[in-house]
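In case you want the letters, here they are:
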Amino acid sequence: ASGEVKGERKGTIFQDSDIAKWIEAAAYSLRFKPDAELESIIDELVRLIEKSQMSDGYVNTYFIASGRTSERWSDLVMGHELYCAGHMMEAAVAYFYATGKRTFLDVMCRYADYIGTVFGQEEHQNPGFDGHPEIELALHRLAEATGNSKYTEMAHYFVNIRGSVPNFHIGKAAMEGMIPKSKWFGSDYYLADKPVREMTGAQGHSVRAMYLYCAMADQYLKTRDASLLTALKKIWNNVVQKHMYITGGLGSQAHGERFSIDYDLPNDTCYTETCASIGLAMWAWRMLSIEKKGIYADIMEKAVFNGILSGMSLDGTKYFYVNPLKLLPEVTKFRYDHAHVAPERVSWFDCACCPTNVARFILQFMEYLCSVNNEGLWIHHFAQGRCVAEADGQKIQLKMKTNYPWDGKVSIRLDLQRSAEFTVFVRVPRWCSSYSLTVNNGPITPVAQTENNGYIGIRREWHTNDSITLELEMSVRFIRTNINVSENAGKVALQRGPLIYCAEEADNGAGLHMYSIKNGRKTCLVQDSNLPPGTIAIEAEACFEKYSAELNDLYFEYLSDREMGSKTLRFIPYYQWGNRKPGNEMSVWFNTTP
């Protein structure tokens, strides 16, 4: 009944982080739906965490339960102690905000205080940092929840010290042969080869990189250090223009789960870990907090609707760790360089970072719909539901009614405590070529309307129950890739609204590589009872070369007058692929023909 048993601790060295993310997700869910049973489960976990805490404040089941406390902080490269601490802190803050209960928060404050005595630049302290950024993000949240600025200073220390420790990558795991000593796992892999202000582009482990960039953005928001923002913008431009998949996926190389070189974006062997897309969305939100530019919200939306949602099955019970843009099931099962790609979602992983990360992100998404600064109220994302913002000294509740992303109509009603004049900025996504915007079903006077980096600003005196209606045109777009991406030369992908589409064997049969899309031809929107209710699929004309039955040569001369056949291909939203037929061939990119 107590939940305490004796036995051997199992799981990864960073298993505590998965428990923490589960608690964080559960805490967010309590805000939507109070649940006494769920809350009691969290309370029991908190009790056990508090009981496991050592007298000096240290908390980590891997080292405590296995009797390895003497090895604490011996492997900052791969030990993940500060990473786990960070996720525990974020969970404690979330639970405190959801319930007002301080026990978990106090436990993590004691842990943070202890960490502050271990790490630093005094003679008796460890001048190190974690190989996987995360604690930096958590310390900022802990500072906000407690009002204690020393946690902010600790976060800044961990960012500023990075890149100044020689041979950081030669940790205990590397010395014991767990991590091979090779160019793939040097200091750059851990984003430790140079100070953060000298970084100019994507490098190393994709998830670690995203979390570090989040930490840099958090620090800029506190300090307004221009050198940090300069570095962040250089890195951002490099990531989204030369390393990002059309789905918002990141990480083109499976070995090391890492970035490779500019424009190297293979579709079938990519890694594109779900957590990397979550990290990209988190970073985009912080960049949007720094400067209100629609590109940040656009990229965040791309990651959410494609790279993140694809990581979980439609019924919420199975998951992808890796999100490829092309899958040939038999190849995936046989080839060593495809070993990391699962042909279908699975119920869990030995390294279960993605499922818990998806859960906490989705349950937090309503916080990202809008924000406020001294310019006005900004509406960034569109979803059925409510969000609350504080502007002009009052709480304003926004009630959104929409069927987005299936259609582009968004109705927003404002509930105010009193009438006030201010500006509401509404994002118009870059993928939209035509839109209409009305207030109370009437036109907006030109003098009251301004364009601002992808947003339309409406300044007027607002009253309770005023409504804004945005209608976005959602035509099917044929998307091409930069010419330097050799993988996609001569190919297109289909996009409608924020959704990227793919073709599946379940709808079209095998051999998707044979078909070429008739570029620029009319497409048709369809609904299919085999897909989730409301889903809009796309049908597009395609053609293929007909071959004689007796032609079985591996290579043969190309004949320009070869007979062509035609076929209508059906495309579904990328995030929905793999939810019907197991071992299903899939492709996002297709060759084109006039």
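The rules behind these values
- Residues numbered from 1 in each chain as written.
- Predicted model: local features only at pLDDT ≥ 70, side-chain atom pairs only at ≥ 80, totals over all residues.
- Heavy atoms only, no water.
- Helix = DSSP H or I, 4+ residues; strand = E, 2+ residues; numbered from the N terminus.
- Rg over C-alpha atoms; globule rule 2.2 N^0.38 Å.
- Buried < 20%, exposed > 50% of the residue type's maximum accessible area, 1.4 Å probe, protein only.
- Phe/Tyr/Trp six-rings, centres within 6.5 Å; stacked < 30°, edge-to-face > 60°.
- Polar contact = N/O pair within 3.5 Å; in protein donor to acceptor, adjacent residues only side chain to side chain.
- Contact = heavy atoms within 4.5 Å.
- Salt bridge = Lys/Arg side-chain N within 4 Å of Asp/Glu carboxyl O.

J.: How do you make sense of the overall build of the chain when you look at a structure like this?
T.: Along the backbone of the chain there are 15 helices and 20 strands. Scaling as 2.2 N^0.38, a compact globule of 594 residues should have a C-alpha radius of gyration of about 25 Å, and the chain matches this with 25 Å. Projected onto the principal axes, the alpha-carbon positions of the chain cover approximately 80 × 65 × 50 Å. Per-residue burial over the chain gives 56% buried out of 594 residues.

J.: Would you explain the packing of aromatic side chains in this entry?
T.: Two descriptors summarise a pair of aromatic rings, namely the distance from one centre to the other and the angle between the planes of the rings. For the coordinates displayed, the defined rule picks out 32 aromatic pairs. Arranged with centres 6.4 Å apart and planes meeting at 35 degrees, the rings of tryptophan 73 and tyrosine 114 form a pair that is tilted. Placement of the pair is tryptophan 73 in the loop between helix 3 (61-65) and helix 4 (81-99) and tyrosine 114 in helix 5 (residues 103-118), with a sequence separation of 41 residues. Residue tryptophan 73 is classed as buried on the basis of its relative accessible area of 11%.

J.: Whenever I open this one, unusual backbone geometry confuses me. Can you help?
T.: Across the chain, the bulk of peptide bonds are trans and the bulk of non-glycine residues have phi less than zero. With an omega of 10 degrees, the peptide bond running from tyrosine 404 to proline 405 counts as cis. With respect to the helices and strands, proline 405 occurs in the loop between strand 5 (394-402) and strand 6 (409-415). With a phi close to 65 degrees, asparagine 441 is a non-glycine residue in the positive phi region. By the element assignment, asparagine 441 lies in the loop between strand 8 (435-439) and strand 9 (449-452). Among the residues examined, asparagine 441 registers a relative accessible area of 66% and is labelled exposed. Here the phi dihedral of asparagine 465 falls at roughly 75 degrees; this positive angle occurs in a residue that is not glycine. Here asparagine 465 shows up in the loop between strand 10 (455-462) and strand 11 (467-472).

J.: Would you mind going over the side chain of glutamate 301 with me for this structure?
T.: Mapped onto the fold, glutamate 301 is located in helix 12 (residues 294-308). Of the residues examined, glutamate 301 reaches a relative accessible area of 3% and is grouped as buried. There is a polar contact of 3.1 Å between the side chain of glutamate 301 and the side chain of tryptophan 431. Look past the residues within four positions of glutamate 301 in its chain and what remains in contact with it is His381, Tyr404, Arg427, Pro429, Trp431 and Pro498.

J.: Looking at this structure, I do not really get helix 7 (residues 150-160). What am I missing?
T.: Counting along an α-helix, one turn takes 3.6 residues, and residues three or four places apart therefore face a common direction. Of all 11 residues in helix 7, eight are buried; the element is thus mostly enclosed. Considered for burial, the residues of helix 7 that qualify are Tyr151, Thr152, Met154, Ala155, His156, Tyr157, Phe158 and Val159. Along its buried surface, helix 7 packs onto helix 4, helix 5, helix 6 (135-146) and helix 9 (206-223).

J.: Whenever I open this one, the pattern of salt bridges confuses me. Can you help?
T.: Close approach of charged atoms allows side chains of opposite charge to pair. Summed over all chains, the structure comprises 36 salt bridges. Close ionic contact of glutamate 504 with arginine 580 constitutes a salt bridge, the shortest N to O distance being 2.8 Å. On the criterion of sequence distance, the pair formed by glutamate 504 in strand 14 (residues 499-504) and arginine 580 in the loop between strand 18 (564-573) and strand 19 (586-587) is long-range, its members being 76 residues apart. One salt-bridge network, in which partners are shared between bridges, spans Glu24, Glu90, Arg141 and Arg360.

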